[in-house]
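# Observations on chain architecture
Below are the chains, spelled out letter by letter.
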Amino acid sequence: MESNWLVNQELCKRCGSCVDVCPNRIIQFNDEGHIFFREDRKWECFQCGHCMAICSTKAVQVPELSYENDFYAVDDSQDNAYRAYDNLIRTRRAIRNFKQKPVPRALLEKVVDAIQLAPPGFPPCKTELTIVQDMALIHQAQPMMIVFYEKLVKMLKHPIAKQFIKKSAGREKYITLQNHLLPLMEERLPDLKSGKEDTILRNAPAMILFHANRNTENYRADLYIAVTFGLLAAHALGLGATAMDIIPPSIEKDTTLRALFQIPAENEVVASMILGFPKYKYQRGIKRELPSIQWV
Ligand SMILES: Cc1cc2nc3c(=O)[nH]c(=O)nc-3n(C[C@H](O)[C@H](O)[C@H](O)COP(=O)(O)O)c2cc1C
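Residues numbered from 1 in each chain as written. Predicted model: local features only at pLDDT ≥ 70, side-chain atom pairs only at ≥ 80, totals over all residues. Heavy atoms only, no water.

## Section: the pattern of salt bridges
One pass over the structure, following the stated rule, counts 9 salt bridges. The partner of R214 in a salt bridge is E252, with the nearest N and O atoms 3.0 Å apart. With R214 in the loop between β6 (206–213) and α9 (219–236) and E252 in helix α10 (residues 248–253), this residue pair connects regions lying 38 residues apart in the sequence. Here R258 makes a salt bridge to E252, at a shortest N to O gap of 3.1 Å. Look at the salt bridges and you will find they share partners, linking R214, E252 and R258 into a network. (Salt bridge = Lys/Arg side-chain N within 4 Å of Asp/Glu carboxyl O. Helix = DSSP H or I, 4+ residues; strand = E, 2+ residues; numbered from the N terminus.)

Below you can see the structure in the form of structure tokens.
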């Protein structure tokens, strides 16, 4: 819609902030000091909204975005924002023990709201969510996941089948499967099958599946960043959560599980998080060190 490109010259203060923040340098000053959109670069606009978000006078307009519907006001007056954030990330842990009570829909909606604010690599957002709020559905899925892992363990130990997995999974995933998942699952399967412990779904009262259309670009990174936003939001809301890589492969590959969770056929289930009210409160955090931090 050509008519939606606009720099309102009466409102524009010519501060140049939109010129600077446009990631694709689509906005420029002309020789008279007026701001305008470069015709030859308009096609590069991916509606990130930076130019409209930064303009103090709402002078800039790009197609498909409206000040009324697509933006919200920000309050940056909180001088304790860093302290709150620091405390949040220092007190978060992966929660795998939950009170056996459902998570109210209103809290799940807040987690979803936070996930929607996660930055995409480039718009439009590819992240699709399935929020499982029905504990019965999670219990129903558990035996099918166990069967999936029983079969996978057998295949990983079979000389021909494991070559097939190596080829289709790729090097990083295959090494994880052989070195991490195989020994763990061999150990865990008897207790999983007898119902003694649930090391897959952790008796979680709620779960969020992160998936995306497999024909879109660069969606995996977006999905994991979305998970991170969800984990932090859950913790801020007094919930506990854990990212769970053990869950998605079974849903991705098993048609019954796909149907149970109503995953669209064209989507790949990449990531998941379980959440609920934590059973325990941690008394202290754990220090961590990265293998390398270089300042150059
Ligand atoms: C990408 C990712 C995948 C994970 N997958 C699992 C999983 O399948 N099962 C599990 O019990 N924990 C899983 N976790 C949780 C990690 O084991 C946990 O975050 C890690 O041990 C650090 O502990 P903390 O989160 O309490 O600091 C995963 C975490 C991440 C970031």
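From this point, the narrative continues.
## Some thoughts on the site of the ligand
Around the ligand, a shell composed of R92, R93, A94, R96, R202, Y224, T242, A243, M244, D245, I246 and R288 is seen. A distance of 2.6 Å separates an oxygen atom of the ligand from a polar backbone atom of A94. Burial of the ligand by the protein chains amounts to 64% of its free accessible area of 620 Å². A class-by-class count of the residues in the shell around the ligand yields 5 nonpolar, 1 polar and 6 charged. (Near = heavy atom within 4 Å. Polar contact = N/O pair within 3.5 Å; in protein donor to acceptor, adjacent residues only side chain to side chain. Areas by Shrake-Rupley, 256 points an atom, 1.4 Å probe, with all protein chains shown as cover. Nonpolar A, V, L, I, M, F, W, Y, C, P; charged D, E, K, R; others polar.)

## Quick word on α9
In this model, α9 (18 residues) spans 26 Å end to end at C-alpha, consistent with the 26 Å of a helix rising 1.5 Å per residue. Listed in full, the buried residues belonging to α9 are Y219, D222, L223, A226, V227, G230, L231, L232, A233 and A234. Check the buried side of α9 and you find it contacts α4 (81–91), α5 (105–116), β5 (128–132), β6, β7 (240–243) and β8 (267–276). Note on α9: the residue one or two positions beyond its end, G238, has a positive phi of about 85 degrees. (Expected span 1.5 Å × (residues − 1). Buried < 20%, exposed > 50% of the residue type's maximum accessible area, 1.4 Å probe, protein only. Contact = heavy atoms within 4.5 Å.)

## Focus on the nonpolar core
Residues M145, M185, I200, I247, I251 and F261 are the most contacted members of the largest nonpolar core, which totals 35 residues. Mapped by element, the contributors of at least two residues to this core are α6 (135–157), α8 (171–194), β6, α11 (255–260) and β8. Here this core takes 9 residues from α6, the largest share from any one element. Both of domain 2 (84–135 + 199–276) and domain 3 (137–194) provide at least three residues apiece to this core. (Core = buried A, V, L, I, M, F, W, Y, C linked by side-chain atoms within 4.5 Å. Domains from an automatic or database assignment.)

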